[in-house]
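Descriptive structure summary
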Amino acid sequence: MTTYEKEIYTVITTSREHLTVEQIYKLVKGKYPKVVLATIYNNINKLCEFGLIRKLSVEGMPDRYDHVRRHDHLVCRQCGKLADITFDDLTAPLRQAAGDTYLYYDLKVFYLCPDCRKALNESETQTRHNMGHV
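**Some remarks on the overall build of the protein**
Check the secondary structure of the protein and you find five helices and five strands. Along the protein, helices (α) and strands (β) appear in the sequence α-α-α-β-β-β-β-α-β-α when read from the amino end. The C-alpha atoms of the protein give a radius of gyration of 20 Å, which is well past the 14 Å a tight globule of 134 residues would have. Counting across all 134 residues of the protein, residues that qualify as buried make up 30%. Put simply, of all contacts in the protein between residues at least 6 apart along the chain, 44% involve residues at least 24 apart. As displayed, the protein offers around 9,200 Å² of accessible surface, 54% of which is attributable to carbon and sulfur atoms. Separation between the mean location of the 19 positive side-chain charges and that of the 17 negative ones in the protein comes to 5 Å.

Right under this line is the structure:
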């Protein structure tokens, strides 16, 4: 691994967040001021290709990167926040259903996070309150 690959790998695998390329770039640039964004992209792609990190793609949001330990994700449809969650491993039933063509799975469960649910409830309460005064 190159110096940059090691640093990017460390940043991603030690983070408690699911970082975008821009966030990774800022963190790496803090330690290696001469690094350029293209270098970050190239090294992230290599790390993904070798299966050392994984890319998380959610429609309408920038890709984020994560460690490869077996886990799933909760995705808030309102704010886009990602949270780790671990369900029972579905590898065996998926392998049975797909046979030799099975490679891996990436489970994302969409929901409203507690903050967005609270904001929605407050908004609905306020709307009902305002309608009562019309």
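**Re the nonpolar core**
One finds Ile8, Ile24, Val28, Ile40, Ile44 and Tyr65 to be the most contacted residues of the largest nonpolar core, which totals 14 residues. Looking at this core, the elements with two or more residues in it are helix 1 (3-14), helix 2 (21-31) and helix 3 (37-49). Broken down by element, this core gets its largest block of residues, four residues, from helix 2. If we skip the residues at most four places from it in the chain, Ile44 touches Ile8, Val21, Ile24, Ile53 and Tyr65. Counting five residues, the second-largest nonpolar core is a separate cluster that includes Leu56, Met61, Val75 and Leu82.

**Quick word on the side chain of Glu5**
Looking at the secondary structure, you find Glu5 in helix 1. Within the local environment of Glu5, its side chain forms a polar contact with the backbone nitrogen of Thr2, the two atoms lying 2.8 Å apart. Ignoring anything within four residues of it in the chain, the contact list for Glu5 reads Asn43, Lys46 and Leu47.

**Notes on a nonpolar patch on the surface**
Among the surface-exposed residues, Met1, Tyr9, Phe50 and Leu52 lie close enough to one another that they form a single nonpolar patch of about 400 Å² accessible area. In this fold, Tyr9 is placed in helix 1.

**Re the pattern of salt bridges**
Applying the stated rule across the entire model yields eight salt bridges. Notably, a salt bridge pairs Lys46 with Glu5, separated by 3.4 Å at the nearest N-O pair. Highlighted residues: Lys46 in helix 3 and Glu5 in helix 1, separated in sequence by 41 residues. Across the pair Arg70 and Asp89 runs a salt bridge, and its minimum N-O distance is 3.6 Å. Of this pair, Arg70 sits in the loop between strand 2 (64-66) and strand 3 (72-76) while Asp89 sits in the loop between strand 4 (82-85) and helix 4 (91-98), and the two are 19 residues apart along the sequence.

**Some remarks on the confidence of the model for the protein**
Per-residue confidence for the protein averages 90 on the pLDDT scale, and 98% of its residues sit at or above 70. Confidence, read as mean pLDDT per element, is least for helix 5 (residues 114-132) in the protein (83) and greatest for helix 2 (97).

**Examining the pairing of strand 3**
Across the five residues that make up strand 3, a large majority, five, are buried. The alternating pattern of strand 3 places Asp72, Leu74 and Cys76 on one face and His73 and Val75 on the opposite face, and all of these are buried. Counted between consecutive antiparallel strands, the loop separating strand 3 from strand 4 contains five residues, among which Gly80 sits at a positive phi close to 85°.

Procedures and definitions
Residues numbered from 1 in each chain as written. Predicted model: local features only at pLDDT ≥ 70, side-chain atom pairs only at ≥ 80, totals over all residues. Heavy atoms only, no water. Helix = DSSP H or I, 4+ residues; strand = E, 2+ residues; numbered from the N terminus. Rg over C-alpha atoms; globule rule 2.2 N^0.38 Å. Buried < 20%, exposed > 50% of the residue type's maximum accessible area, 1.4 Å probe, protein only. Contact = heavy atoms within 4.5 Å. Areas by Shrake-Rupley, 256 points an atom, 1.4 Å probe, with all protein chains shown as cover. Lys, Arg positive; Asp, Glu negative; His and termini not counted. Charge placed at Lys NZ, Arg CZ, Asp CG, Glu CD. Core = buried A, V, L, I, M, F, W, Y, C linked by side-chain atoms within 4.5 Å. Polar contact = N/O pair within 3.5 Å; in protein donor to acceptor, adjacent residues only side chain to side chain. Patch = residues over 30% accessible without salt bridge, like charges linked within 9 Å, V, L, I, M, F, W, Y side chains within 5 Å. Salt bridge = Lys/Arg side-chain N within 4 Å of Asp/Glu carboxyl O. pLDDT = per-residue confidence, 0-100. Pairing = 2+ DSSP bridges.

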